[in-house]
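If you want the building blocks of each chain, they are given just below.
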Amino acid sequence: MPVETMPSGSARQELDITGMTCASCSGRVERALRNVEGVSRAVVSLISHRALVEGSARIETLVAAVTRSGFTATPLTGEREQEERIEQQARRATRQEALRVLLSALLTAPLLLPMLGVPLPGLLMLVLAGIVQIGFGYRFYIAAWRGLRAGAGNMDQLVAIGTSAAFLYSAIAVLCGDSEHGYFDASAVVISLILFGRWLESRARQATGSATRALSALRPDTARLQNGDEERLVPASHLMPEDIVIIRPGERFAADGKVVSGQSDADESLLTGESHPVPKHPGDSVIGGAMNGSGLLRVRVTATVNDGTLARVISLVREAEASRAPVQRLVDQVAAIFVPGVVTIAVLTFLGWWIIGHDIANGFRAAVSVLVIACPCALGLATPAALITGTGIAARRGILIRDAASLERAGSIDTVALDKTGTITEGKPVLHEIILLPSAPIGMDKATILRLAAAAESGSTHPLAHAVRESALTKGTTLPMPDFLQERPGEGVIAHVSGHEIAIGNAALFTHLDIPDSPQAMALEQETPAAILRVAIDRIPAALLLVEDTLRPGAAVAIRRIHATGCTVMLLTGDTEASGLKAAKTAGIELVETRLRPEDKAARIAAWQAKGHVVAMVGDGVNDAPSLAQADLGIAIGTGADAARHAAGVILMRPEPGLIADAISLSRATRRKIRQNLFWAFIYNAIGLPFAALGLLNPVIAGAAMAFSSVSVVVNALLLKRWNPSSP
């Protein structure tokens, strides 16, 4: 799987865009941003009304480019106050929209009386329809003019042309003394219905973005900073690493950190999906935004608010919301030619009725119907509405989907490859035995070897290295600092400690260093499921460290759930055959390969891909990064190494194998919604336009159909909220 990297010196900036009404609008903003010098990537979301821009361009230049395209842009700083202000503006705009709909409907209602046999004076109908056309339809003219000025088409142009034609035709007829053959009802009803549709659409759109709003709301405004014996309230955004903050019972953690003193528990459910409180003791990590339980804690800050876990989660969710699914490219191509195509069809419809049928009145009515029934909005909303809803649900359950392409691939997975240590096992192995070899240098006892080995492992993040260090530290051993340290992924560590060269790792490391393996190690590998760490001092085999890990609770159930999705499961591990087979048998995995180096895992995945399989790789360590990148979809355990998370398209915020099946199931459900929405959006236009051209739909029906087509795709996307982990 190709991994996107940002160009050197580039920055990521976010803009709030106002004035967009359809896919043509978002496409125009996107093209304007991409044409700015220094922009390497720009994505605009019609649902969230936000633009994500990467590159070296200045923010002022980006805002100016959006303004020239006919819209308004506001740079987003990520501050909670700004987010709340934008949210308040959106709610106020929705309320104002509702008022416009009500007033427009009240003025339009009398225009329908002639259809019921109640005549109205022509001038009264002209006044009522004129107020609706100009007073409430002015926004369509403004947006249409902006599009024309930018040399692009949009839905507002179709509405403005169609309703203006109906209104002007009727106005001329009334002024000429003919009140019988007007279309005031059509122009006014179409405008009222479109306003009503946009009000419903805005309400539904706000519902799709509820996940990011809920995450943003977790940010506390202030923190209790300890300064000597004093404590004072400061803005949470002012906290810096190493600051000490006081967290009282029931308060949210202001930033990421480590507990210095006190005992409590934390509710991390909105961030990780973990439903049970997580115990917190001195030395434990806490996540900014999580809720403290019943204890008082002193916490040392490890990251600023803008660099913490919550900020990264919000950034990933928003990037996924703004990203494009592969299928969206077709939609963008259609939207680019949609408006001029519809205008052409409307003109041909009128000419056809006039020339062939000699019926100008019905030709005019059919042409207006063509203009008002066409709906690029449904096409533009189909993919992002489902995507934002799906990624939002995933984020609440502790699954971060990096982008739309990752979601698309997750829905196509038929093979899941799993790493063992830290993925299906606890990742907290324990050193339970040290075997001193006969070849150990003179004077080297078990305690000395453990001290040197633990010092050599001081720079490694591997769970086995952690087990060695913990064993030494629990015995009260003081670890010397290594003078040199080199980690070889998939093999082990080489370090210089206290004047000795220490090599600790597996058989592959000894082979690389030309160190002879011991008969004891080779015999044990056939007998014990424990991981065997070989220790050599100055290139002489000195000891064997036996480390055992336990299977994660629920791992076997998780594997059964993955099988239930129709996926093949295989275990790829660098551990011994005995260790790998035992873990695989306990978890219910039939396919297992052992003694694999990082490049071997990537090669196995490539071989499965060559057979036509779509492969997901699940891992958590540095040594998993190559196979995560090779796989069609990389799934990283959020507690794992940075290299693994950067190479993955999906990140699990808590180390539960059951989330793998959830990610696959939810991705498939979201992909189905995208396809359903696109199908109905295309079919709606494919059926509606011919019916309108043939005169089988009057403008009122056409306007109603157009208004509700946009709402229908958003509502269909919101049905994803009924998804649960047991859904197929």
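As annotated in an unreviewed UniProt entry, the protein carries the name Copper-exporting ATPase and is attributed to Granulibacter bethesdensis. Recorded under Sequence similarities (unreviewed entry), the UniProt text for the protein is reproduced unchanged: "Belongs to the cation transport ATPase (P-type) (TC 3.A.3) family. Type IB subfamily."

Asker: Would you take a moment to explain the pairing of strand 19 (residues 500–505) for this structure?
Answerer: Walk down a regular strand and you will see the side chains alternate between the two sheet faces. Counting buried residues along strand 19, five of its six residues qualify, which places the element largely inside the surrounding structure. Pairing analysis gives six bridges linking strand 18 (residues 492–497) to strand 19, with the strands arranged antiparallel. Its bridge partner lying in strand 19, Gly492 is registered against Gly505. The hairpin formed by strand 18 and strand 19 contains two residues between the paired strands, and Ser498 there has a positive phi angle of roughly 50 degrees. As judged from the four bridges shared by strand 19 and strand 20 (residues 531–537), these two strands associate in the antiparallel manner.

Asker: What exactly am I supposed to notice about the sheet that holds strand 9 (residues 264–267) here?
Answerer: Strand pairing in a sheet relies on backbone hydrogen bonds, with the paired strands running either antiparallel or parallel. Reading across the sheet, the three strands line up as 10-9-12 and stay open at both edges, with antiparallel pairing between neighbours. Among the strands making up the open sheet, the edge pair consists of strand 10 (278–280) and strand 12 (291–292). Where strand 9 meets strand 10, three bridges bridge the pair, whose relative direction is antiparallel. In the strand pairing of strand 10, Asp265 is matched with Pro279.

Asker: What is the right way to read a nonpolar patch on the surface from this model?
Answerer: Taken together, the side chains of Val347, Leu348, Leu351, Trp354, Ile355, Ile356 and Ile360 make up a nonpolar region of the molecular surface, amounting to roughly 710 Å² of accessible area. Among the elements that make up the nonpolar patch, the one with the highest residue count is helix 11 (residues 328–355) (five residues). You can see Leu348 is positioned in helix 11. With a relative accessible area of 54%, Leu348 lands in the exposed category.

Asker: What exactly am I supposed to notice about the packing of aromatic side chains here?
Answerer: Each pair of aromatic rings is reported with the distance of its centres and the angle of its planes. Counted by the stated rule, this structure contains four aromatic pairs. Look at Phe679 and Trp680: their rings are 5.2 Å apart centre to centre, the planes differ by 75 degrees, and that puts the pair in the edge-to-face class. With a relative accessible area of 53%, Trp680 lands in the exposed category. The ring of Trp608 carries Lys611 above its face, with NZ or CZ at 5.5 Å from the centroid.

Asker: Before we go on, may I ask you to explain the pattern of salt bridges in this structure?
Answerer: Any two side chains of opposite charge can pair, given that their charged atoms come close. The tally for this structure, following the rule as stated, stands at 18 salt bridges. One salt bridge connects Glu231 with Arg248, and the closest N-O pair in it is separated by 3.1 Å. Here Arg248 lies in the loop between strand 7 (244–247) and strand 8 (257–261) and Glu231 lies in strand 6 (residues 230–235), a separation of 17 residues in the sequence. Relative accessible area serves as the criterion here: at 37%, Arg248 is assigned to the partly exposed category. With a shortest N-O distance of 2.5 Å, Glu593 and Arg604 are connected by a salt bridge. Of the two residues, Glu593 is situated in strand 23 (residues 591–593) and Arg604 in helix 21 (residues 598–610); the sequence distance between them amounts to 11 residues. Here the residues in one salt-bridge network are Arg224, Glu231, Arg248 and Glu251, joined through shared partners.

Asker: What exactly am I supposed to notice about helix 12 (residues 360–373) here?
Answerer: For the α-helix, the turn length of 3.6 residues means that residues three or four positions removed from each other point alike. Along its 14 residues, helix 12 runs 20 Å from first to last C-alpha, staying within 8% of the 20 Å computed at 1.5 Å per residue. Taken together, the buried positions of helix 12 are Gly363, Phe364, Ala366, Ala367, Val368, Ser369, Val370, Leu371, Val372 and Ile373.

Basis of the calculations
Residues numbered from 1 in each chain as written. Predicted model: local features only at pLDDT ≥ 70, side-chain atom pairs only at ≥ 80, totals over all residues. Heavy atoms only, no water. UniProt positions renumbered as here; feature names shortened; annotations may be inferred. Buried < 20%, exposed > 50% of the residue type's maximum accessible area, 1.4 Å probe, protein only. Helix = DSSP H or I, 4+ residues; strand = E, 2+ residues; numbered from the N terminus. Pairing = 2+ DSSP bridges. Patch = residues over 30% accessible without salt bridge, like charges linked within 9 Å, V, L, I, M, F, W, Y side chains within 5 Å. Areas by Shrake-Rupley, 256 points an atom, 1.4 Å probe, with all protein chains shown as cover. Salt bridge = Lys/Arg side-chain N within 4 Å of Asp/Glu carboxyl O. Phe/Tyr/Trp six-rings, centres within 6.5 Å; stacked < 30°, edge-to-face > 60°. Lys NZ or Arg CZ within 6 Å of the ring centre and 35° of its normal. Expected span 1.5 Å × (residues − 1).

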